[in-house]
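# Working through the structure, step by step
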Amino acid sequence: MKSNKATHSGKHSRTLLIGLATAAMSVLSSCGSDFCGCDYPPIIPPEPDVPAGVWYKTYVEAEYDREWYIPVTPRYELPSDWPEKAEVNPDSLLLPMPTGLRVVTFTSNGQTEHHNIEAEGGEVAMESDTERLLLYNNDTEYIVFTNTDSFDSCTATTRRRSGGFYSGNARVGSDTVSEPVRSQPDILYRRAMREQTVDSLLRVEETDPAQIHVIPTMLYPAVHVYIVHFNFTKGLEHVLNGAAAMTGMSAGVNIATGETLEETCTLMFDCEKTADGMTGTFLSFGAPGYSPENGELYHPHGRYGITLQLMLNNSKRISYTIDVTAQMVAQPCGGVVMTGDIEVDDETAKPEGGGSFDVSVDPWGAPNDYEITL
């Protein structure tokens, strides 16, 4: 893969947020591509003689697509050597199972009911005129849900970091347009089911005297994993630790459609030293404005930049800004970014008395937004 040449600021930054991320993501499925997770079969089988207000005993059977990223068109083939370079085992990136599931039912007369069941499924009392369902795991810690009583506008996002705005990547123009800094999301699965004519996947358990209606469903990831590897050509031995900021990521996702919000944000993540560089991982809703309903018709837009900040053994902090747009637009739902070539010269790495840094250089926003915790 062609690497992106980093721009070395050479100056000392003052502040830096470190966000931790773990692994996870997804492969695909529905609506032109199964990954969409919407427009599923009807919720209750056709029974025209049953009046509204009759309640059915219904069992939801849930499965989960746990792949850590979703390849989409334009097809982007991951470098064959990325696991060795990044020192990441792809098998370890399988998304974890959730511990609970929320089922939101919507009836034709505007009634909404929220049900919390086990992750693998459970019983839900469902009215006969139920026509739509939203399903998502209810065990998230960092995700904020809004408009949960609305099928079309239920949204998942994360909180802004207190006072946090990032404006430090001149390579992609973000030194003039600040982005809010948000917390990384944790793992989120989603599914939407609308009334349709297909009812083959909703079955009635004939052996059960109560005639339980069974709804089997697959939930798909709405949060994805990105692996970022920075290749060093010189001076890795001078680096104590590091962290990075990724600009241009979507701030949230629509639960019903799976479309990511157009609003962008900056996400911070830690980096660890590897044999030939540094590797970081972060969780994200993905690229802004991406809709899985479009599948192969994705039209990328926007700019994506990384600021890598290093703490050296002599207590200096130096920054590098990198434009990774070319790689990110081809990977709207997780993937691997390989970039560099980073150099730390011997002069910069020399020990300095006092270890002071230039307080006039502040690419990370307001003076007290973030404390470095390398």
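Residues numbered from 1 in each chain as written. Predicted model: local features only at pLDDT ≥ 70, side-chain atom pairs only at ≥ 80, totals over all residues. Heavy atoms only, no water.

## Focus: the overall build of the chain
Keep this limit in mind: Secondary structure elements are defined from DSSP: runs of H or I of at least 4 residues count as helices, runs of E of at least 2 residues count as strands, and each element is numbered from the N terminus. When accessible area is computed with a 1.4 Å probe and restricted to protein chains, residues below 20% of their type maximum are described as buried, those above 50% as exposed, and intermediate ones as partly exposed. In what follows, residue pairs with any heavy atoms lying within 4.5 Å of each other are defined as contacts. All accessible areas in this document rest on Shrake-Rupley with a 1.4 Å probe, and a residue is counted as covered only by the protein chains that are shown.
Secondary structure summary: the chain contains 3 helices and 21 strands in total. Counting across all 374 residues of the chain, residues that qualify as buried make up 57%. Residue pairs in contact within the chain that sit at least 24 positions apart in sequence constitute 77% of those at least 6 positions apart. Only carbon and sulfur atoms are counted for the fraction: they give 49% of the accessible area of the chain, which is about 15600 Å².

## Focus: the side chain of Gln-184
To keep it simple, the criterion reads: Polar contact is the term for a pair of N or O atoms within 3.5 Å; when the atoms are in protein, one must be able to donate a hydrogen and the other to accept it, and sequence-neighboring residues count only if both atoms are side-chain atoms.
Checked against the element boundaries, Gln-184 lands in the loop between strand 10 (179-182) and strand 11 (189-194). On the basis of relative accessibility, which here comes to 9%, the residue Gln-184 falls in the buried class. A distance of 2.8 Å separates a polar side-chain atom of Gln-184 from the backbone oxygen of Met-268. A polar atom in the side chain of Gln-184 sits 2.8 Å from the backbone nitrogen of Leu-283.

## What to know about the pairing of strand 18 (residues 277-284)
When a strand is regular, its side chains alternate between the sheet's two faces. We apply this condition: Pairing between strands is defined by DSSP: at least two bridges between the two strands are required.
Taken across its 8 residues, strand 18 has 8 buried, putting it largely inside the fold. Inspection of the sheet shows strand 14 (residues 224-234) paired to strand 18 by 8 bridges, in the antiparallel sense. Counted as the bridge partner of Val-225 is Leu-283 from strand 18. Bridge analysis of strand 17 (residues 264-273) against strand 18 gives 3 bridges, and the strand direction is antiparallel. From the neighbouring strand, Cys-271 faces strand 18, where its bridge partner is Gly-280. In sequence, strand 17 turns back onto strand 18 through a hairpin of 3 residues.

## Describing the sheet that holds strand 7 (residues 143-146)
Keep this limit in mind: In this analysis, axes come from line fits to C-alpha atoms, helices being fitted only over the stretch in contact, and the angle between any two N-to-C directions falls in the range 0 to 180 degrees.
Judged by pairing direction, the sheet is antiparallel, and its 3 strands sit side by side in the order 7-8-16 without closing on themselves. Strands with a single pairing partner mark the edges of an open sheet, and in this sheet they are strand 7 and strand 16 (252-254). The mean angle between the axes of side-by-side strands here comes to 20°, regardless of whether they run parallel or antiparallel. Of the pairings in the sheet, the one linking strand 8 (residues 155-158) to strand 16 comprises 3 bridges and is antiparallel in character. Within strand 16, the residue paired with Ala-156 across the bridge is Val-253.

## Observations concerning empty space enclosed by the protein
Keep this limit in mind: Of the grid points, spaced at 1 Å and generated over the protein atoms alone, those admitting a 1.4 Å probe that cannot get out make up cavities, while open sets with protein on both sides within 12 Å along at least five of seven lines make up pockets; any residue with an atom within 4 Å of a point is treated as lining. Grid points are joined across faces, edges and corners, and a volume is the space filled by probe spheres set on the points. Side-chain classes follow a simple rule in which Ala, Val, Leu, Ile, Met, Phe, Trp, Tyr, Cys and Pro form the nonpolar group, Asp, Glu, Lys and Arg form the charged group, and the remainder, Gly included, forms the polar group.
Taken as a whole and judged by the stated rule, the model has 2 cavities of 30 Å³ or more. Size it by volume and the second largest cavity reaches roughly 40 Å³. Lining of the second largest cavity is provided by Tyr-69, Ile-70, Pro-71, Val-72, Tyr-76, Ala-330, Gln-331 and Gly-334. By residue class, the composition of the lining of the second largest cavity is 6 nonpolar, 2 polar and no charged.

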